[in-house]
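Below, each chain spelled out in residue letters.
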Amino acid sequence: MIDFSLKGKVALITGASYGIGMAIATAYSEAGATIVFNDIKPELVDKGLAAYAEKGIKAHGYVCDVTNEEQVNAMVAQIEKEVGVIDILVNNAGIIKRIPMHEMSAAEFRQVIDIDLNGPFIVSKAVIPSMMKKGHGKIINICSMMSELGRETVSAYAAAKGGLKMLTRNIASEYGEYNIQCNGIGPGYIATPQTAPLREPQADGSRHPFDAFIVAKTPAARWGTPEDLMGPAVFLASEASNFVNGHVLYVDGGILAYIGKQPK
Ligand code: NAP
Ligand code: GCO
């Protein structure tokens, strides 16, 4: 019997007050897991808790900055006490800054690397010892198209998400023998607040050129939704993927397979 169930598991999804993180947490809850999430702002945690409650999910929310090792260690200890040992970690919290590289300050570059790459290192490091003791664990890093591709203005984000792909492979290499699987999900272009500026209609009501560009670039001919990530995230958190390790599963409607529309 193939086992996609997450019954009895405790899942921590970082930055999951809304967006992709919330969709993944909702899927995990539907598959039977107990949901724990954090966010950097208390008001977002409250908003997240209310949104989960509305869906009938009893989530546990914590205020914690993923770049702050002390806060992360304290949160993980508190979760272990109040909810249980974390079986599944999804490193979802992330930011993007769209600034041409020659105009970007080193401080701005560092901030993106800090949240999108150092954060997953810090949170993974905090949960791995208990996973090793328990004899199993799943770590899922939310990567990006930018783990593979570059584009104008996203140098820091691409550097961080490319690094996150390699951190994924390294965690898989280092802890596979403890029955810990670490994989990535590489979402394509997903309609969330993070990408809202790329979809904003023009002053004359016409489509944002980037919006039209993405639809043309995606064989599925549409933006993804957070719900598109639910099935792949459950697969990578479940026993069904126990021999999948160090892989990045791109959920991109086919973008990475496609050379682009040929000129008419
Ligand atoms: P989002 O809407 O911006 O959500 C990210 C969440 O992380 C927010 O709640 C954010 O809080 C939180 N966060 C930011 N910094 C944090 C910190 N230091 N500590 C804890 N939480 C923090 O993003 P999303 O679009 O749902 O994306 C989620 C993940 O998927 C990100 O890693 C993103 O890079 C990745 N991704 C997104 C897409 C896409 O097309 N949307 C595609 C590929 C990958 P604030 O609201 O306060 O910033
Ligand atoms: C951008 C986008 C992206 C996506 C995503 C793609 O400005 O190009 O925000 O980078 O959000 O990560 O997978």
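Refer to the structure printed above.
A few points on the structure. Since the structure is predicted, the reported quantities are computational estimates derived from the model, not experimental observations.

Some points on the site of ligand 2
Moving on, step 1. Taken together, 14 residues lie near ligand 2, and Arg98, Arg151, Tyr157, Tyr189 and Gln194 sit nearest.
Moving on, step 2. Between ligand 2 and Arg151, the relevant distance is 2.6 Å, taken from an oxygen atom to a side-chain nitrogen or oxygen of the residue.
Moving on, step 3. Side-chain polar atom of Tyr189 to an oxygen atom of ligand 2: 2.6 Å apart, as the coordinates give it.
Moving on, step 4. Compared with its free state, where it exposes 340 Å², ligand 2 has 96% of that area covered by protein.
Moving on, step 5. According to the grid-proximity analysis, the pocket containing ligand 2 is the largest pocket.
Moving on, step 6. Residue classes in the shell around ligand 2 are distributed as 8 nonpolar, 4 polar and 2 charged.

Quick look at the site of ligand 1
Moving on, step 1. Taken together, 29 residues surround ligand 1, and among them Tyr18, Asp39, Asn92, Tyr157 and Thr192 come closest.
Moving on, step 2. Contacts to ligand 1 include Tyr18, whose side-chain N or O atom sits 2.7 Å from an oxygen atom.
Moving on, step 3. Contacts to ligand 1 include Asp65, whose side-chain N or O atom sits 2.9 Å from a nitrogen atom.
Moving on, step 4. When the free accessible area of ligand 1 is taken as 890 Å², the share hidden by the protein chains comes to 93%.
Moving on, step 5. Assessed atom by atom at 2 Å from the grid points, ligand 1 resides in the largest pocket.
Moving on, step 6. Breaking the shell around ligand 1 down by element, the ones donating at least two residues are helix H1 (19-30), strand E2 (34-39) and helix H5 (155-175).
Moving on, step 7. When grouped by side-chain class, the residues that make up the shell around ligand 1 number 16 nonpolar, 9 polar and 4 charged.

Examining the packing of H1 against helix H7 (residues 230-237)
When two helices pack together, you describe them by how their axes are tilted relative to each other and by the distance separating the axes.
Moving on, step 1. In the contact formed by H1 and H7, the axes pass within 9 Å of each other and the chain directions differ by 60 degrees. Considering the angle they form, H1 stands oblique to H7. H1 and H7 meet at a crossing whose hand is right-handed. Residue-level inspection shows Ala23, Ile24, Thr26, Ala27, Tyr28 and Glu30 of H1 in contact with H7, the latter providing Met230, Ala233, Val234 and Ala237.
Moving on, step 2. Of the residues in the contact of H1 with H7, the class split is 8 nonpolar, 1 polar and 1 charged.

Here we look at the pattern of salt bridges
Where charged atoms from two side chains of opposite charge come close, those side chains can pair.
Moving on, step 1. For the coordinates displayed, the defined rule picks out 6 salt bridges.
Moving on, step 2. The partner of Lys9 in a salt bridge is Glu239, and the shortest N-O contact between them spans 3.7 Å. Taken together, the residues span a long stretch of sequence, with Lys9 in the segment before strand E1 (10-14) and Glu239 in the loop between H7 and strand E7 (248-251) at a distance of 230 residues.
Moving on, step 3. Residue class for Lys9 comes out buried when judged on its relative accessible area of 16%.
Moving on, step 4. A salt bridge links Asp211 to Arg207; the shortest N-O distance between them is 3.4 Å.

Re H1
Moving on, step 1. The terminal C-alpha atoms of H1 lie 17 Å apart, and with 12 residues this matches the ideal 16 Å at 1.5 Å per residue to within 8%.
Moving on, step 2. Of all 12 residues in H1, 9 are buried; the element is thus mostly enclosed.
Moving on, step 3. Listed as buried for H1 are Ile20, Gly21, Met22, Ala23, Ile24, Ala25, Thr26, Ala27 and Tyr28.
Moving on, step 4. Phi turns positive one or two residues past the end of H1, at Gly32, with a value near 110 degrees.

So, the layout of surface pockets
Moving on, step 1. In this structure, the largest pocket occupies an estimated 860 Å³ of space.
Moving on, step 2. In terms of lining residues, the largest pocket is bounded by 38 residues, among which Asn92, Ala93, Gly94, Ile95 and Gln194 are the most central.
Moving on, step 3. Secondary structure elements with two or more residues in the lining of the largest pocket: H1, E2 and H5.
Moving on, step 4. No other element matches H1, which puts 3 residues into the lining of the largest pocket.
Moving on, step 5. Classifying every residue of the lining of the largest pocket gives 21 nonpolar, 11 polar and 6 charged.
Moving on, step 6. Looking at the second largest pocket, its volume works out to about 170 Å³.
Moving on, step 7. In terms of lining residues, the second largest pocket is bounded by Phe121, Ser124, Lys125, Ile128, Leu167, Asn170, Ile171, Glu174 and Tyr175.

Scoring rules and cut-offs
Sequence positions are assigned chain by chain, starting from 1 and proceeding in written order. By the order in which they are written, chains take letters starting at A while ligands take numbers starting at 1. Since the coordinates come from a predicted model, pLDDT governs what is reported: local features require at least 70, and pairs of side-chain atoms require 80 or more to be given and counted, while whole-chain, interface and lining totals use all residues. Each side-chain value is derived from all of the structure's non-hydrogen atoms; neither hydrogens nor water enter the calculation. Nearness here has a simple test: a residue counts as near a molecule or strand if at least one of its heavy atoms is within 4 Å of that partner. N or O atoms closer than or at 3.5 Å make up a polar contact, with two conditions inside protein: a donor-capable atom paired with an acceptor-capable one, and, for residues adjacent in sequence, both atoms drawn from side chains. Where accessible areas are quoted, they stem from the Shrake-Rupley method and a 1.4 Å probe; at the residue level, only the protein chains shown are allowed to cover. Buriedness for pockets is judged along seven lines, at least five of which must meet protein on both sides within 12 Å for an open set on the 1 Å grid over protein atoms alone, while cavities are sets there where a 1.4 Å probe fits but cannot get out, and lining residues have an atom within 4 Å of a point. If over half the atoms of a molecule are within 2 Å of the grid points of a cavity or pocket, the molecule is regarded as sitting in it. Under this grouping Gly is polar, as are all residues other than the nonpolar Ala, Val, Leu, Ile, Met, Phe, Trp, Tyr, Cys and Pro and the charged Asp, Glu, Lys and Arg. Secondary structure elements are taken from DSSP: a helix is a run of H or I of four residues or more, a strand is a run of E of two residues or more, and numbering for both begins at the N terminus. Helix axes are fitted only over the stretch in contact, all axes being lines through C-alpha atoms; the angle between N-to-C directions runs from 0 to 180 degrees. Relative orientations are named as follows: roughly parallel for angles under 35 degrees, roughly antiparallel for angles over 145 degrees, roughly perpendicular for angles from 65 to 115 degrees, and oblique for any other angle. Helix crossings get a hand from a simple test, with the near helix turned counterclockwise from the far one by less than a right angle marking a left-handed crossing and a clockwise turn marking a right-handed one. Residues count as neighbours in contact if any of their non-hydrogen atoms are within 4.5 Å of one another. Salt bridges, as used here, are contacts in which a Lys or Arg side-chain nitrogen is within 4 Å of a carboxyl oxygen on Asp or Glu. For each residue, the accessible area found with a 1.4 Å probe, counting protein chains only, is set against the maximum for its type, and the residue is called buried under 20%, exposed over 50%, and partly exposed in between. Each helix should span, by expectation, one fewer than its residue count multiplied by 1.5 Å. Grid points are joined across faces, edges and corners, and a volume is the space filled by probe spheres set on the points.

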